[in-house]
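# Observations on the model geometry
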Amino acid sequence: MKVKTGNLFFGCCVFFLCLVYFLLAFKNPFKTNSLVSNLEPYPDTLYYSVPAWNLVNGRGFKMSAYGHEIKKITPPIYSLYLIPFFALFGDIRSYYFANLLLSFVSILVFAGIIRKVFGNSLFSLAIVLFLGFLFVTNYYFYNLPSLLMAENLTLCVLLILAFLLFVDISLKSVLISSFLGVFFGLIKFSNLSLSLVFLFLYTVKVFVGNKNKKFKFWYVGFLLLFSLFFIFYLISSGIFSGHVNLNKETGFSFGYFIKNLSFYLSALMGKDTRYLWYTKKLMARSVVVLAFCGVVAGLLMKKFRVLVLKLLFFLFVPVICVCFFYYADARYIFMVLPLVLILIGFLFFVLMKKFGARLSYLLMFLLMVFYVFEKDEGERRIVFFKKQVGLNFRHKEDPWNYLAIENFNNYFKNKNKDVYLGSFLPPFYVDIFSNHNYEYLPIFEKQEFSSGQKKVLDKFYSGELVEYYKSLVKNEKKVFVSNYYVNNSVGWRKVFDDLLANFDTELVRDGCLGSCNIYKLSLKR
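Residues numbered from 1 in each chain as written. Predicted model: local features only at pLDDT ≥ 70, side-chain atom pairs only at ≥ 80, totals over all residues. Heavy atoms only, no water.

Attention now goes to a nonpolar patch on the surface. Judged by side-chain polarity, Phe355, Leu359, Leu362, Phe365, Leu366, Val369, Phe373, Ile382 and Val383 come together as a nonpolar surface patch covering roughly 820 Å² of accessible area. Put simply, the parts of the chain that give the nonpolar patch at least two residues each are helix H15 (357–373) and helix H16 (381–393). Of all the elements, H15 adds the most residues to the nonpolar patch, at six residues. Among the structural elements, isoleucine 382 can be located in helix H16. (Patch = residues over 30% accessible without salt bridge, like charges linked within 9 Å, V, L, I, M, F, W, Y side chains within 5 Å. Areas by Shrake-Rupley, 256 points an atom, 1.4 Å probe, with all protein chains shown as cover. Salt bridge = Lys/Arg side-chain N within 4 Å of Asp/Glu carboxyl O. Helix = DSSP H or I, 4+ residues; strand = E, 2+ residues; numbered from the N terminus.)

As structure tokens, this is what we get:
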């Protein structure tokens, strides 16, 4: 295939994949018909977004709300990436567009890797379409932009790192590889294992597969320089000091290994799993079967044997490392999905060599039809896709957290002194969307952001919380509370009822179908 024609067809394939992805992933973040405005899941999303949002609004790169600051416990790169989008749109929900851009880049790089592996041919474009379709129709991938999480950047950079393993060594590639390889861990600390795996594989590439001493010299120099910057950041920021994930209860231990290994292997085999609050399978069983066949086919072919072993090494070492972490969640291994899909390509390449391209094309087409019409959790996948597109463009999901804040803002329209509102919502979230016509108060001493490095709630009151409420009312402050988020955690309903029992209460505004009501407190008569 001629280069220009090949590039044109390749661009068309990528455009088609991006279009399918857009239909499945699209949300309007500035409307209240999706969950984007909830900024979930807490607390990670707030640690990523609040410093960037504060910087754009002239309050410094700080994890602070209402003038109270706590230590940042997440690395800064994803937050820094969000800054230009927050500045351009003036709305924190623009993170969705930042994530969507990363997804489009991920699709492009994924297609580029396939092209690098299987060559610039019509057959490789067919593999791009087939594997790309499996990639963009994965639920967790097209749902990813709506989540304010660093996994969006992790996936994109991981694919770029994988692409660099196939690029010829040059001064430019050595610079980019050493930079991304080192600082990959500053997107998420859980990326450190992936970072080390990449640096090991790239070091082998530089010193074993390359005879140019100049590139070896530059690679070592860049690696040492960036490593010094990395170490300097860790020391100067003190980010690991007292980190919540380094203590006995919420850290790493050999005792977690067997149980978590079973969980992650089950997820990789297409069985039921857990990803945040989602329970959909990480990948279809049919995809798992094809990937296994691809591994066998690749290992049997001398041309691809080393490459398959590299991909398996890149895939399983991070999975093994995360097994030592106390909490198992499929989001920690989701980024290996494109690597699993690439393995499928070896199967079709071998079939093409043995039986010709036409049979391979036919098989890919039939498998794609089977995949689309296959039942997934009792429903054919094509029906689910149709519902997802309908949800994105016609129907709605209610972002109740955001709607609750809107209800608060609508009631407190005018700026008044000495007005307080007690809420179970995190103060950082309320601070972002509040009209600031009321001061924030927690309702429970042990709600989110009340302990450890996340401890900030005690800065909003003094003494016992209930007594502080009473003192405010006695001093003729206007004190209100909302029942919103009361069912978020076990025991919060009782805490809320016990607080109200200390006062005479008046329902001054209802909202959210009764779930974000506002009550005014007054001393018992």
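The strand order S6-S5-S7-S9-S8 describes an open sheet built from five strands, whose pairing is mixed. Each end of this open sheet is capped by a strand with a single partner; those strands are strand S6 (439–442) and strand S8 (504–509). Geometrically, the sheet is characterised by an average inter-axis angle of 35° between neighbouring strands, direction not taken into account. Bridge count for strand S7 (residues 478–482) against strand S9 (residues 518–522) is three bridges, and the pairing is antiparallel. Paired with phenylalanine 480 across the two strands is lysine 520, which belongs to S9. Helix H17 (residues 400–411) rests against strand S5 (419–423), S7, S8 and S9 of the sheet, and its axis sits at about 95° to S8. (Pairing = 2+ DSSP bridges. Axes fitted to C-alpha atoms, helices over the stretch in contact; angles between N-to-C directions. Contact = heavy atoms within 4.5 Å.)

This part is about the nonpolar core. Core analysis: the largest hydrophobic core is formed by 198 residues, its most contacted members being Tyr275, Phe314, Ile344 and Tyr469. Setting aside residues no more than four positions away along its own chain, tyrosine 275 makes contact with Tyr140, Leu144, Leu147, Met149, Asp329, Ala330, Arg331 and Phe334. (Core = buried A, V, L, I, M, F, W, Y, C linked by side-chain atoms within 4.5 Å. Buried < 20%, exposed > 50% of the residue type's maximum accessible area, 1.4 Å probe, protein only.)

The N-to-C vectors of helix H3 (residues 77–89) and helix H4 (residues 95–118) enclose an angle of 120°; their axes lie 8 Å apart at closest approach. In terms of axis orientation, H3 runs oblique to H4. Taken as a pair, H3 and H4 cross one another with a handedness that is right-handed. Together, Tyr78, Tyr81, Leu82, Phe85, Phe86 and Phe89 of H3 and Tyr95, Phe97, Ala98, Asn99, Leu101 and Leu102 of H4 make up the contact between the two elements. Considered class by class, the residues forming the contact of H3 with H4 number 11 nonpolar, one polar and no charged. (Parallel < 35°, antiparallel > 145°, perpendicular 65-115°, else oblique. Left-handed = near helix turned anticlockwise from the far one by under 90°. Nonpolar A, V, L, I, M, F, W, Y, C, P; charged D, E, K, R; others polar.)

With that settled, consider the packing of aromatic side chains. Scanning all chains against the criterion turns up 65 aromatic pairs. Taken together, a centroid distance of 5.8 Å and an interplanar angle of 80° make the contact between tryptophan 53 and phenylalanine 86 edge-to-face. In this pair, tryptophan 53 sits in helix H2 (residues 44–56) while phenylalanine 86 sits in helix H3, placing the two residues 33 residues apart along the sequence. Pair check on accessibility: tryptophan 53 and phenylalanine 86 agree, each one buried. Here the aromatic rings of phenylalanine 424 and tryptophan 492 are separated by 4.9 Å at their centres, their planes lie at 10°, and the arrangement is stacked. Of this pair, phenylalanine 424 sits in the loop between S5 and helix H18 (427–433) while tryptophan 492 sits in helix H20 (residues 492–500), and the two are 68 residues apart along the sequence. Taken as a pair, phenylalanine 424 and tryptophan 492 share a single burial class, namely buried. Put simply, the rings of Tyr139, Tyr140, Tyr142, Tyr275, Trp277, Tyr278, Phe334 and Phe384 touch in pairs and so form one group of aromatic residues. Against the face of tyrosine 371 rests arginine 381, its NZ or CZ located 4.3 Å from the ring centre. (Phe/Tyr/Trp six-rings, centres within 6.5 Å; stacked < 30°, edge-to-face > 60°. Lys NZ or Arg CZ within 6 Å of the ring centre and 35° of its normal.)

Among the five residues that make up S5, five are buried, leaving the element largely enclosed by the rest of the structure. With burial as the criterion, each face of S5 is covered, one bearing Val419, Leu421 and Ser423 and the other bearing Tyr420 and Gly422. When S5 meets S6, the two strands line up parallel, connected through four bridges. Within S6, the position partnered with glycine 422 by the bridge is leucine 441.

Direction vectors running N to C along helix H7 (residues 151–164) and helix H8 (residues 171–183) enclose 140°, while the axes themselves pass 10 Å from each other. Our pair here, H7 against H8, has a crossing hand that is left-handed. Between H7 and H8, the residues in contact are Val157, Ile160, Leu161 and Leu164 and Ile176, Ser177, Leu180 and Gly181, respectively. Of the residues in the contact of H7 with H8, the class split is six nonpolar, two polar and no charged.

So, about empty space enclosed by the protein. Across all of its chains, the model carries one cavity of 30 Å³ or more by this definition. Empty space within the largest cavity amounts to approximately 40 Å³. Lining the largest cavity are Lys27, Asn28, Asn33, Ser34, Leu391, Asn392, His395 and Glu397. For the lining of the largest cavity, the residue count by class is one nonpolar, five polar and two charged. (1 Å grid on protein atoms, 1.4 Å probe; cavity = no way out; pocket = protein on both sides within 12 Å on 5 of 7 lines; lining within 4 Å. Points joined across faces, edges and corners; volume = space filled by probe spheres on them.)

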